[in-house]
Amino acid sequence: MTEKDFVPSAHYDLKEEGKVGFKSPSNIALVKYWGKKKNQIPANPSISFTLDACATKTTLAFKKLKSRGTNFTFDLLFEGKPKPSFAPKIETFFGRILTYVPFLLDYHFVIETSNSFPHSSGIASSASGMSALALCIMEIEKELNPEMTDVYFIQKASFLARLGSGSACRSLQGAIIQWGAHAATEGSSNLYGIKYPYAVHEIFKNYHDTILLVDKGEKQVSSTVGHDLMHNHPFADQRFAQAHKNLTKLKSVFKSGNLEEFIKIVESEALTLHAMMMTSYPYFILMKPNTLEIINKIWAFRERSGTHVCFTLDAGANVHVLYPENEKEAVYQFIKNELVVYCQNQQYICDRIGFGAKRLNVS
Ligand code: PMV
C-alpha cells in the first residue's frame, strides 16, 4: 500500500447527518519510536503492547453543511465541557488528513471525548485520543461507502491515526502491534501499524502493566520536540539500527517466551530512549529521582525473588511495571509494599495487555 491507496477513488453521496463512536486504548512500546521523517514517517520501526484500561471514548456527530466550506468547523467537548485548547491539534490533524478524507469540509462536527484515566495523570492521551477519532472518521467513510473491506478500514484508520500522533497508529487492535518497515517482518509498513504476524508464547497472554504515576505534571519537553532533536543527533544512526536489531531479537523471544531476553530488550530500549534525550542538543531529562528509585527497587526485587518483573518508560517520569500473569500476586504485593510510596499521591493504574478499539453504540 502507498499513500495514494488511501485517497478515495469513488465518488459517494453524502449523508445528511449521523453519529458514530469508538473507545480506543493506549499502548506501551517495547521497542520505541523516537525520531521521525516528513509526514510522520518513523525513523525506525517500533512494537507495542496494546493496553486495556487506559482508553479514550470519542463520539463524532456530523451534520451536512449547506455548501462545502473552506475551513473545518467543529465543536469539541472534553469530559462534557468545551475545551478550546484542544482545537488547534484537531485543526492540524484535519488539515493533514483532508486529502484522504475530503468530506471533512462538508460537515459540521461535534466531537465529544473523555478518558478513562485521570486527566493530568502524566499519561499521554494522544495515542488513545487520536486513534479513537481516526476510527470515528473511518466509520463515517464506511457509512458513505459500505463496500469498504474490514482490512482497508483498519489500515486506513491506522494510517490516519498516525498522522495525528505517530504512536496512535498502534492503538487500534491488539494485542501486539508493529509499526514501521522492518526487513524481518512481513507486511510491516511505515504508513500504518500491523498486528504482529508471528508466533507469540502463552506467557505473554494477559501480561500486566502497572503504571506508576511518578509525576503527573505537564512534560517539560513535548514528544514533538523530542522527535525533532533526533535530527543531527550524534547517535541517531546507531540508535535506529539498534531498534531494527531489537525487533529481530524480539521475534525469537516472542516465540520462545524467554523472559530473561525479553527483559534485556525492553529495559535497554527504555533507557536508550532516555539516553537519546540526555545526549541531544539541547539536552533534557524527563526521569525524576523517584523514577530511578523505582528502577533500582525493581532490579533488587527481581534478583531476590526470581520473578520476571521489569520496567519500561515513555517520554516522561512515570514507570510502566511489566510482569506475566503467573507472577501477579508476588509482584503486586511488591508494588504495593515498596513502589507506591514513590508515586505522586500514591497513584497508580493497573492495566494489562488488551485487544484494541471497540465500536460504541451511539445511535
Ligand atoms: O506518538 P508520539 O509522537 O507522542 O511519540 C511517542 C513516543 C514514545 O511514546 C516515547 C515511544 C513510543 O514508541 O510510543
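Structural data are supplied above this passage.
All values derive from a computational prediction rather than experimental measurement.

Take the site of the ligand next. Taken together, 13 residues form the shell around the ligand, and within it Y33, S167, R170, S223 and H227 come nearest. S165 is positioned with one of its side-chain polar atoms (N or O) 3.1 Å from an oxygen atom of the ligand. H227 has a polar side-chain atom sitting 3.0 Å from an oxygen atom of the ligand. The protein chains hide 91% of the 380 Å² of surface that the ligand would expose on its own. Looking at the shell around the ligand residue by residue, the classes come out as five nonpolar, five polar and three charged. Each of domain 1 (3-197) and domain 2 (205-352) accounts for three or more of the residues forming the shell around the ligand.

Right, let's get into empty space enclosed by the protein. Enumeration over the complete set of coordinates arrives at one cavity of 30 Å³ or more. Within this model, the largest cavity holds a volume of roughly 40 Å³. Forming the walls of the largest cavity are I154, S158, C169, R170, S171, L172, Q173, I177 and G193. Along the lines of polarity and charge, the residues of the lining of the largest cavity split into four nonpolar, four polar and one charged.

This part is about the sheet that holds strand β12 (residues 319-323). Taking strand neighbours across the sheet as the criterion, the four strands line up as β11-β12-β10-β13 in an open arrangement whose pairing is antiparallel. Every other strand in the sheet has two partners, leaving β11 (310-313) and β13 (348-352) as the edge strands with one partner each. Adjacent strand axes in the sheet meet at a mean angle of 25° when their direction is disregarded. The sheet contact formed by strand β10 (residues 208-212) and β12 spans five bridges and is antiparallel. Looking across to β12, one finds that D209 is bridged to L322. Running at roughly 30° to β11, helix α6 (residues 259-278) makes contact with β11 and β12 of the sheet.

Our next topic: helix α8 (residues 328-339). Within the sequence span of α8, burial applies to V331, F334, I335 and L339. Each buried residue of α8 sits inside an arc of 100° when the element is viewed along its axis, so together they form one side. Among the exposed residues of α8, those pointing more than 90 degrees away from its buried face are E329 and N337. Check the buried side of α8 and you find it contacts β10, α7 (289-305) and β12.

Now for the pairing of β12. With respect to burial, β12 is a largely interior element, five of its five residues being buried. Alternating positions in β12 separate into two faces, V319, V321 and Y323 on one and H320 and L322 on the other, with burial throughout. Examined bridge by bridge, β11 and β12 share four bridges and lie antiparallel to one another. When the bridges of β12 are listed, F311 appears paired with V321. Taking the residues between adjacent antiparallel strands as the criterion, β11 and β12 are bridged by five residues.

The rules behind these values
- Throughout, a residue's number is its position along its own chain's written sequence, starting from 1.
- With the structure being a predicted model, the display of local features is reserved for residues of pLDDT at least 70 and the display and counting of side-chain atom pairs for 80 or more, all residues being used for whole-chain, interface and lining totals.
- No hydrogens and no water enter the side-chain calculation; it runs on all heavy atoms of the structure.
- One heavy atom suffices: a residue is near a molecule or strand as soon as one of its heavy atoms comes within 4 Å of it.
- Polar contacts here mean pairs of N or O atoms no more than 3.5 Å apart (in protein, one a potential hydrogen donor and the other a potential acceptor; neighbouring residues in sequence count only if both atoms are side-chain atoms).
- Throughout, the Shrake-Rupley method with a 1.4 Å probe supplies accessible areas, and for residues the shown protein chains are the sole cover considered.
- Residue classes follow a fixed rule: Ala, Val, Leu, Ile, Met, Phe, Trp, Tyr, Cys and Pro count as nonpolar, while Asp, Glu, Lys and Arg count as charged, and any other residue, Gly among them, counts as polar.
- For the domains described, the bounds stem from an automatic or database domain assignment.
- Definitions used for this entry: grid spacing 1 Å over protein atoms alone; cavity, a set of points where a 1.4 Å probe fits but cannot get out; pocket, an open set with protein on both sides within 12 Å along at least 5 of 7 lines; lining residue, one with an atom within 4 Å of a point.
- Grid points are joined across faces, edges and corners, and a volume is the space filled by probe spheres set on the points.
- For two strands to count as paired, DSSP must find a minimum of two bridges between them.
- What counts as a helix is a DSSP run of H or I of at least four residues, what counts as a strand is a run of E of at least two, and both are numbered from the N terminus.
- The axes used here are C-alpha line fits, helices contributing only the stretch in contact, and every angle between their N-to-C directions lies in the interval 0 to 180 degrees.
- For this analysis, residues touch if any pair of their heavy atoms sits within 4.5 Å.
- Burial status follows relative accessibility: with a 1.4 Å probe on protein chains alone, a residue under 20% of its type maximum counts as buried, one over 50% as exposed, and anything between as partly exposed.
- It is the directions from the helix axis to the C-beta atoms whose arc is reported.

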